[in-house]
Amino acid sequence: MEQVTFTFVEGEATLQTEEIFYIETSRHKNIFHTADKTYSIYRKMDEIEAVMEGMGFCRCHQSFLVNMRYIQKISSYVMTLTTGQELSVPKARYREVKRQYAEYLEKNGDSAAPVCS
């Protein structure tokens, strides 16, 4: 089980990567969304993405880094999460996001999930 430790606005916290649904940029800070709490941090998304590399996260948009375990489907430039949230996937990133997600499904043996069109 992988975990990450960051110094958030709320103080230092260690999170299990599987607890994090997605990370979103909002007003110069990044917000980590989990099931029961949000954490804010003043770090660049690129830096956070580098820390999370290889942990099942996908940069679907300039402002979103998504935990692929919570992707329900990707189609028509929209990513739907298991939480019901919909995130747009820009045309420029769409093919790469679909490739990463298909690779993730293959690696994790979850071929039952819809890959996308």
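Please read all numbers here as calculations on a predicted model, not as lab measurements. (Residues numbered from 1 in each chain as written. Predicted model: local features only at pLDDT ≥ 70, side-chain atom pairs only at ≥ 80, totals over all residues. Heavy atoms only, no water.)

Draft legend 1. View of the pattern of salt bridges. Applying the stated criterion across every chain, the model contains six salt bridges. Note that Arg 69 is salt-bridged to Glu 18, the shortest N-O span being 3.8 Å. Taken together, the residues Arg 69 in the loop between strand E7 (64-67) and strand E8 (71-75) and Glu 18 in the loop between strand E2 (11-16) and strand E3 (20-26) connect sequence positions 51 residues apart. Judged by relative accessible area, which is 42%, Arg 69 ranks as partly exposed. A salt bridge links Glu 96 to Arg 99; the shortest N-O distance between them is 2.6 Å. Of this pair, Glu 96 and Arg 99 are both found in helix H2 (residues 91-107), three residues apart, which corresponds to roughly one turn of the helix. We classify Arg 99 as partly exposed; its relative accessible area is 39%. Each of Asp 46, Glu 49 and Arg 59 takes part in a single network of salt bridges with overlapping partners. (Salt bridge = Lys/Arg side-chain N within 4 Å of Asp/Glu carboxyl O. Helix = DSSP H or I, 4+ residues; strand = E, 2+ residues; numbered from the N terminus. Buried < 20%, exposed > 50% of the residue type's maximum accessible area, 1.4 Å probe, protein only.)

Draft legend 2. Summary view of the pairing of E7. Across the two faces of E7 the burial is the same, with Phe 64 and Val 66 and Leu 65 and Asn 67 all buried. Bridge analysis of E3 against E7 gives three bridges, and the strand direction is antiparallel. Its bridge partner being in E7, Ile 23 is matched across the sheet by Leu 65. Of the strand pairs in this sheet, strand E6 (residues 57-61) and E7 are connected by four bridges, and their pairing is antiparallel. Each bridged residue has a counterpart across the sheet, and for His 61 the counterpart in E7 is Phe 64. (Pairing = 2+ DSSP bridges.)

Draft legend 3. Inspection of the environment of Val 97 at higher detail. With respect to the helices, strands and loops of the structure, Val 97 is situated in helix H2. Between the alpha carbons of Val 97 and Val 4 there is a distance of 23 Å; along the sequence they are 93 residues apart.

Draft legend 4. Looking closely at the packing of aromatic side chains. Overall, the coordinates contain seven aromatic pairs when judged by the stated rule. Here the aromatic cluster, defined as three or more aromatic residues joined through ring pairs, consists of Phe 6, Phe 8, Phe 32 and Tyr 39. (Phe/Tyr/Trp six-rings, centres within 6.5 Å; stacked < 30°, edge-to-face > 60°.)

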